[in-house]
Every structure is written in C-alpha cells, then in structure tokens.
Amino acid sequence: MAEIHVGRADSIASGERAIITHGDVEIGVFNWEGEFFAYRNHCPHQGGPACEGLLMHRVLEVMGEHNTYHGMKWDKGEMHFVCPWHGWEFDMRTGECAADRTWKVRSYKTELRDGELYVLA
Ligand code: FES
C-alpha cells in the first residue's frame, strides 16, 4: 500500500478539496467539517471527474398526509459531492451514489500525523 503525502491538513479548509495525483490516478481529498475523505476522481457512471463538482446537502421531499407535497428541504446531516458531467450525487462519508447505494466511488483511507495529511492507496 502506498502512502501519499497530501500536505498540511490545514491547507484544505472545511468545505474545500484538493485533487492529487498518484501515478495516473487522480484522487480528490475533501475536508468536511474537520474530517478528511478521499475518493478516486473517476465517476462510476461514465468516468467524469466526480470529485470536482458542487458540494450540496442531500435534498429531501417533504410529504404530508394523503401524499400531499410540501416542498423540499436540505438534510444537513448528509453532504454530497456532485459529479459535474451528469449530476450523480455521492455521499461524502461513504462514496455511495445517493440514488442507488450499490454504485460507489472508490474510497481511500486518510491519515493525519503531526498536522500532515496522507492518503493510503
Ligand atoms: S460521468 Fe459522473 S454523472 Fe455521468
């Protein structure tokens, strides 16, 4: 297993990301609220740069009695990164596709030592 040095952890602010390369593989490293997550920058749909799109919370549809529709709201407990090619959304914590959890972006472990961030690939 390779240990890839990303840099100083504090160089990636919360809500930001870095795209690093390891050989011919690109990896997106996210800081979400002080936790680091790393995924291959390759969408399982058609190979788009999944880690380079928007970050947005999961959207919930609010339904009332008798299936009446009451609009949408954000689920602040689940953050998604969105592939810029066709909009597939992936759970920041798992890499799973929000619409079908059987699809996943490849994930990597991250490690923090003395303020330095590493990806284990
Ligand atoms: S390639 Fe990512 S959504 Fe299609």
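Let's talk about the environment of glycine 87
At step 1: For glycine 87, the location among the structural elements is in the loop between β6 (69-82) and β7 (89-91).
At step 2: A residue is classified by how much of its surface remains accessible, and glycine 87, at 33% relative accessible area, is partly exposed.
At step 3: Distance in space between the C-alpha atoms of glycine 87 and leucine 120 is 27 Å, their sequence separation being 33 residues.

Quick look at the pairing of strand β9 (residues 116-120)
At step 1: Most of β9 sits inside the fold, with five of its five residues counted as buried.
At step 2: Along β9, one buried face is formed by Glu116, Tyr118 and Leu120 and the opposite face, lined by Leu117 and Val119, is buried too.
At step 3: The sheet contact formed by strand β1 (residues 3-8) and β9 spans five bridges and is antiparallel. The partner of glutamate 3 across the bridge, within β9, is leucine 120.
At step 4: Two strands pair when backbone bridges link them, and strand β8 (residues 107-113) and β9 are joined in this way by five bridges, in the antiparallel orientation.

Brief notes about the sheet that holds strand β4 (residues 35-40)
At step 1: The sheet built from six strands is open, its strands ordered β1-β9-β8-β4-β3-β2 with antiparallel pairing. The sheet terminates laterally at β1 and β2 (17-22), the two strands that pair on one side only. This sheet shows a mean twist of 30 degrees between the axes of neighbouring strands, independent of strand direction.

Quick notes on the packing of aromatic side chains
At step 1: Throughout the structure, instances matching the rule amount to four aromatic pairs.
At step 2: Measuring from centroid to centroid gives 5.2 Å for tyrosine 39 and phenylalanine 81, while their planes differ by 35 degrees, and the two rings are tilted. Residue tyrosine 39 is located in strand β4, and its partner phenylalanine 81 is located in strand β6; the two are separated by 42 residues in the primary sequence.
At step 3: Measuring from ring centre to ring centre gives 5.4 Å for tryptophan 88 and tryptophan 103, while their planes differ by 85 degrees; the resulting arrangement is edge-to-face. Taken together, the residues span a long stretch of sequence, with tryptophan 88 in the loop between β6 and β7 and tryptophan 103 in the loop between β7 and β8 at a distance of 15 residues.
At step 4: By relative accessible area, tryptophan 88 is classed as partly exposed at 22%.
At step 5: Linked through ring pairs, Phe30, Tyr39, Phe81 and Phe90 together constitute an aromatic cluster.
At step 6: Arginine 113 extends its terminal NZ or CZ atom over the ring of tyrosine 118, reaching a point 4.2 Å from the ring centre.

The rules we used
Residues numbered from 1 in each chain as written. Predicted model: local features only at pLDDT ≥ 70, side-chain atom pairs only at ≥ 80, totals over all residues. Heavy atoms only, no water. Helix = DSSP H or I, 4+ residues; strand = E, 2+ residues; numbered from the N terminus. Buried < 20%, exposed > 50% of the residue type's maximum accessible area, 1.4 Å probe, protein only. Pairing = 2+ DSSP bridges. Axes fitted to C-alpha atoms, helices over the stretch in contact; angles between N-to-C directions. Phe/Tyr/Trp six-rings, centres within 6.5 Å; stacked < 30°, edge-to-face > 60°. Lys NZ or Arg CZ within 6 Å of the ring centre and 35° of its normal.

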